[in-house]
Structures are given as C-alpha cells and as structure tokens.
Amino acid sequence: MAGHPVRKRLRLPGFDYASPGAYFITVCTHRRECTLGEVHAGELRLSRWGVVGHQVGLRIPLHNPGVEMDALVVMPNHLHAILILHARVGAKHPSAPDASPFPHGTQPRSLQST
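Residues numbered from 1 in each chain as written. Predicted model: local features only at pLDDT ≥ 70, side-chain atom pairs only at ≥ 80, totals over all residues. Heavy atoms only, no water.

**Examining the confidence of the model for the chain**
- With 75% of its residues at a pLDDT of 70 or more, the chain shows a mean pLDDT of 82.
- Within the model, pLDDT remains below 50 along residues 109-114, and this stretch shows seven contacts once partners closer than five positions in the same chain are excluded. (pLDDT = per-residue confidence, 0-100. Contact = heavy atoms within 4.5 Å.)

Given below as structure tokens:
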C-alpha cells in the first residue's frame, strides 16, 4: 500500500518474551508527537499525559508479580523502560485498583514538587 512504511521486525523469531530476563522497551507516541512533555532550559517538564505514562509504568510491578522496573525514563515523544522478569509472567488484573499508583502516598523524585 502506498504511504505505509515497511517496518523492520524487531523481535527475535521464536524467542519467548515471557521468559525471565531483562528487557529494554521503548514506547512511542502516535506519529511521534511530543505529547508527553517539553524540554525547557535543559529540563523535561512532563505534560499530564507524561505524568500518566510515568505513573502507569511504575505500576507495572504492582500488577505483575515477578516483574521489576529497573529504569523508566519519559521523553517528550516516547518512553524507555528496562523491565526485569524474575519468572515467567502473565498480566494480572486487580479487581479494584488503588487510589494512588504509589505505595503509602509517596511519589518518585521526578514528580515531587520542589
């Protein structure tokens, strides 16, 4: 089809991505639009969508026992994460989500007001 780029396959054929190991993940915004934040004076200021992306990323281990978030970085049009799977995993959906995505009302330093 005209206008649609041909994407290179990034996954290793036959590899079980649910198996234990460390995984580097990149998630891009639609059309790579800078909807997650803006850089001002060398510092990233997250938009509301950027804050949501950060919070959702940090909640991954809460919903998936055996998964550790080693690193999470939000950029203006994408985010990077390193997830460590300690055991074979599958998504688990809680019946009632917590009011706060952070334990005991804490927030990561990048979201705390100064």
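Picking up after the structure, the text goes on.
**Considerations on helix H1 (residues 48-63)**
- Here H1 spans 22 Å end to end across 16 residues, near enough to the 22 Å set by a 1.5 Å rise per residue.
- Among the residues of H1, Gly-50, Gly-53, His-54, Gly-57 and Arg-59 are the ones counted as buried.
- Where H1 is buried, its residues contact strand E3 (43-46), strand E4 (67-74) and strand E5 (78-85). (Helix = DSSP H or I, 4+ residues; strand = E, 2+ residues; numbered from the N terminus. Expected span 1.5 Å × (residues − 1). Buried < 20%, exposed > 50% of the residue type's maximum accessible area, 1.4 Å probe, protein only.)

**Looking at the environment of Thr-26**
- Here Thr-26 lies in strand E1 (residues 21-28).
- Excluding residues that lie within four positions of it along the chain, Thr-26 makes contacts with His-78, Leu-79 and His-80.
- Within the structure, the side chain of Thr-26 is placed 2.9 Å from the side chain of His-80, a separation counted as a polar contact. (Polar contact = N/O pair within 3.5 Å; in protein donor to acceptor, adjacent residues only side chain to side chain.)

**Quick word on the pairing of E4**
- Judged from the seven bridges that link them, E4 and E5 form a sheet pairing that is antiparallel. Each residue of the ladder has a partner; that of Glu-68, found in E5, is Ile-84.
- Connecting the antiparallel pair E4 and E5 is a turn made up of three residues. (Pairing = 2+ DSSP bridges.)

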